[in-house]
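If you want the building blocks of each chain, they are given just below.
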Amino acid sequence: MNFISKLFAKSPADLLAKGDRCMESDSYFDARTYYEDGLQRNSAGELETVFRERIATANLRLAERNLYEAEFAHAHGDFAKAIDHLELVKSLTHDQAVREKASLLLREYAENDNPQEEPTAASSCNSCGGSSGCAPSESDNVSHSLPLSEYYELLIQQLPADQRQRYAELGEDFACAFIAASHDDHQGALTALEKCFDVVPRDIYSYEKGKLLHRLGNDRDAEQQLRTAIKLNSRNALAWLNLALVLREGNRFQDAVTVIDTMVSEQIMTEEALLLRADIFEVTGDHESAVNQYVELLQTPYARPAAEKLYGVLQEIGRPGDAAVIFKKYLNKSCH
């Protein structure tokens, strides 16, 4: 996480927005850190419920990731690491289903593990971005609980349907780069990705490289790669959205709005684009436009995130009555 950026994020609303953007990029640990900082600075208490729900959601995502990590470690012979991940799952979340699955796996691993079985040579997730790349598993024909291919399949489920099919066909080397990025090993992921240059569709290669460069703090080259991805495939929705996010993060609000307007007119991830436009209205002080945009989104599948943002804006501009109505109708529910 960029310490300087965090230092100047003074208001709870700003920290909430930063945490939300980290959640969008699957950086759950960073998101939780922003939410916890925002909760501490939220002296007035108006966003306390929102922050606590966000922290719980980030912890749940971290717990789910640790479940996958545990199954992957166990499948490749690292039993101690698998147990560590499962214990961490139980400390992260109160979600009953996730905790029960962790408990079941703990019992299963304790009962069935065979210590003399030689660990396979398959690369762990942590090594996927290493200099040697990700070696094919020597035991793909063995029934493991979570082979690398299945782990990758789980990760890409979060992608839009059209992109998910494309990503499913990119092969193991690319999967290693993708997994490394999901573990926040961005430099390792970049090294692994560059080895896939000749076999990955160019718009996906440029998009993934742009995303990694942004996470490494190189926004100038990140923007260039994302624009290249769009030029190569104007329907690559992920490239459009991440370009808008990079521009917004760099406080280039008008450039970001130009991208967003194109997304809306071309019907590319329209609700996500409108949510980001409302965020820009809010951060630039155009609260009335932000309120109107968030209200419009209440009629979409993005009603809850829009309501959470709307609640904060209404509190900030001195409309607690309206904020209370939004809270009661959209937010007064458990996050699980």
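What counts, and at which threshold
- Residues numbered from 1 in each chain as written.
- Predicted model: local features only at pLDDT ≥ 70, side-chain atom pairs only at ≥ 80, totals over all residues.
- Heavy atoms only, no water.
- Phe/Tyr/Trp six-rings, centres within 6.5 Å; stacked < 30°, edge-to-face > 60°.
- Buried < 20%, exposed > 50% of the residue type's maximum accessible area, 1.4 Å probe, protein only.
- Axes fitted to C-alpha atoms, helices over the stretch in contact; angles between N-to-C directions.
- Helix = DSSP H or I, 4+ residues; strand = E, 2+ residues; numbered from the N terminus.
- Parallel < 35°, antiparallel > 145°, perpendicular 65-115°, else oblique.
- Contact = heavy atoms within 4.5 Å.
- Nonpolar A, V, L, I, M, F, W, Y, C, P; charged D, E, K, R; others polar.
- Salt bridge = Lys/Arg side-chain N within 4 Å of Asp/Glu carboxyl O.

**Overview of the packing of aromatic side chains**
One pass over the full model with this rule turns up eight aromatic pairs. Seen in terms of ring centroids, Tyr 167 and Phe 174 are 5.5 Å apart; in terms of plane orientation they differ by 70°. Their pairing is edge-to-face. You can call Tyr 167 buried: its relative accessible area is 1%. Pairwise contacts between aromatic rings join Tyr 152, Tyr 167, Phe 174 and Phe 178 into one cluster.

**Brief notes about the packing of helix H13 (residues 237-249) against helix H15 (residues 270-283)**
At their nearest, the axes of H13 and H15 sit 11 Å apart, and the two run at 10° to each other. Considering the angle they form, H13 stands roughly parallel to H15. Only Glu 272, Leu 276, Asp 279, Ile 280 and Val 283 of H15 make contact with H13, whose side of the interface consists of Leu 241, Ala 244, Leu 245 and Arg 248. Of the residues that constitute the contact of H13 with H15, the class distribution is six nonpolar, no polar and three charged.

**Topic: the pattern of salt bridges**
As enumerated under the stated definition, the model contains 22 salt bridges in all. A salt bridge links Asp 20 to Arg 54, with the nearest nitrogen and oxygen atoms 2.8 Å apart. With Asp 20 in helix H2 (residues 12-24) and Arg 54 in helix H4 (residues 48-75), this residue pair connects regions lying 34 residues apart in the sequence. Looking at Asp 20, the relative accessible area reads 13%, which means it is buried. We note a salt bridge from Arg 54 to Glu 308, for which the minimum N-O separation is 2.1 Å. With a gap of 254 residues between them, Arg 54 in helix H4 and Glu 308 in helix H17 (residues 303-316) connect regions that are remote in the sequence. Linked by salt bridges that have partners in common, Arg 21, Arg 248, Glu 249, Asp 279, Glu 282 and Lys 309 make up one network.

Function-wise, these values are silent; they only describe arrangement.
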